[in-house]
Amino acid sequence: MNSSPSPKNKVAEVIRRRQMEPLSDELERRWVGEDGQDASVRELTQFFNQRVLESALGETGVIPLEGELENTYRLLSEDDSSETIALQVKERFGLSDGEIQAVKKDFVSHQTMYRYLTNVREITKASTDSSLSDQIQSVKRTAQKIQSRLTTVVTDNLESLSKKEGFYVGDFDVTVSVTVTCRQCNTSRSLLSILDDNGCECKSE
């Protein structure tokens, strides 16, 4: 493996800070499928985030019941996670408000997990990479066809309306674009830009 400094990545930083170094090898084993079945990036992201939560709960001395860890993670990771849920977690596990917020802050996105595996751990999966590239190109073609069709429909309808008394429009051009807004990194970019860059700003976390 390359001995040069590893790129900065939130997964690596959380592993180091929470002293969960064995998790690095576990993520790699699951990613490449050493047990005969490789895990997806989304599955690894959920697995990692649950280990982060498990690490925090372990410091309280309270052992979660079967299924409780997974359910607690689901509740905390929801976009509309409320103060009521935080209070329930506090009462059940003895975590402070600050500890709960610290755990949630350490949760990572699947884009960040992908960058960790490919850029930091330098693991490649040829079939997955090929599949991703093919899917991106497919999405591009589909979007371009829809944009072209919508442009034609809007143009035809405006031209039809312009022939009606009471509706006025001069020479015009119709441009159709799709904007993607990520609620996590608060960026808005065109769909084609997102596809060309394999994601949004979350990938650099």
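Conventions adopted
- Residues numbered from 1 in each chain as written.
- Predicted model: local features only at pLDDT ≥ 70, side-chain atom pairs only at ≥ 80, totals over all residues.
- Heavy atoms only, no water.
- Buried < 20%, exposed > 50% of the residue type's maximum accessible area, 1.4 Å probe, protein only.
- Helix = DSSP H or I, 4+ residues; strand = E, 2+ residues; numbered from the N terminus.
- Arc of directions from axis to C-beta.
- Phe/Tyr/Trp six-rings, centres within 6.5 Å; stacked < 30°, edge-to-face > 60°.

A.B. asks: Lay out helix H2 (residues 22–32) in plain terms, naming residues and giving numbers.
C.D. replies: All of the buried residues in H2 are Leu23, Ser24, Leu27 and Trp31. Viewed along the axis of H2, the buried residues span an arc of 110°, placing them on a single side of the element. Immediately downstream of H2, the backbone of Gly33 shows phi near 75°, a positive value.

A.B. asks: Go over the packing of aromatic side chains, please, and point to the residues and values.
C.D. replies: Per the counting criterion, the structure on display carries 2 aromatic pairs. With a centroid separation of 6.5 Å and 80° between ring planes, the pair formed by Trp31 and Tyr114 is classed as edge-to-face. Of the two residues, Trp31 is situated in helix H2 and Tyr114 in helix H7 (residues 110–120); the sequence distance between them amounts to 83 residues. Note on Trp31: relative accessible area 2%, which makes it buried. Taking the relative accessible area as the measure of exposure, Tyr114 reaches 18% and is therefore buried. Note on Tyr73 and Phe107: the rings are 5.1 Å apart at their centroids and 80° apart in plane angle, and the pair reads as edge-to-face. Of this pair, Tyr73 sits in helix H4 (residues 68–77) while Phe107 sits in the loop between helix H6 (97–106) and H7; the two residues are 34 residues apart in sequence, bridging distant segments of the chain.

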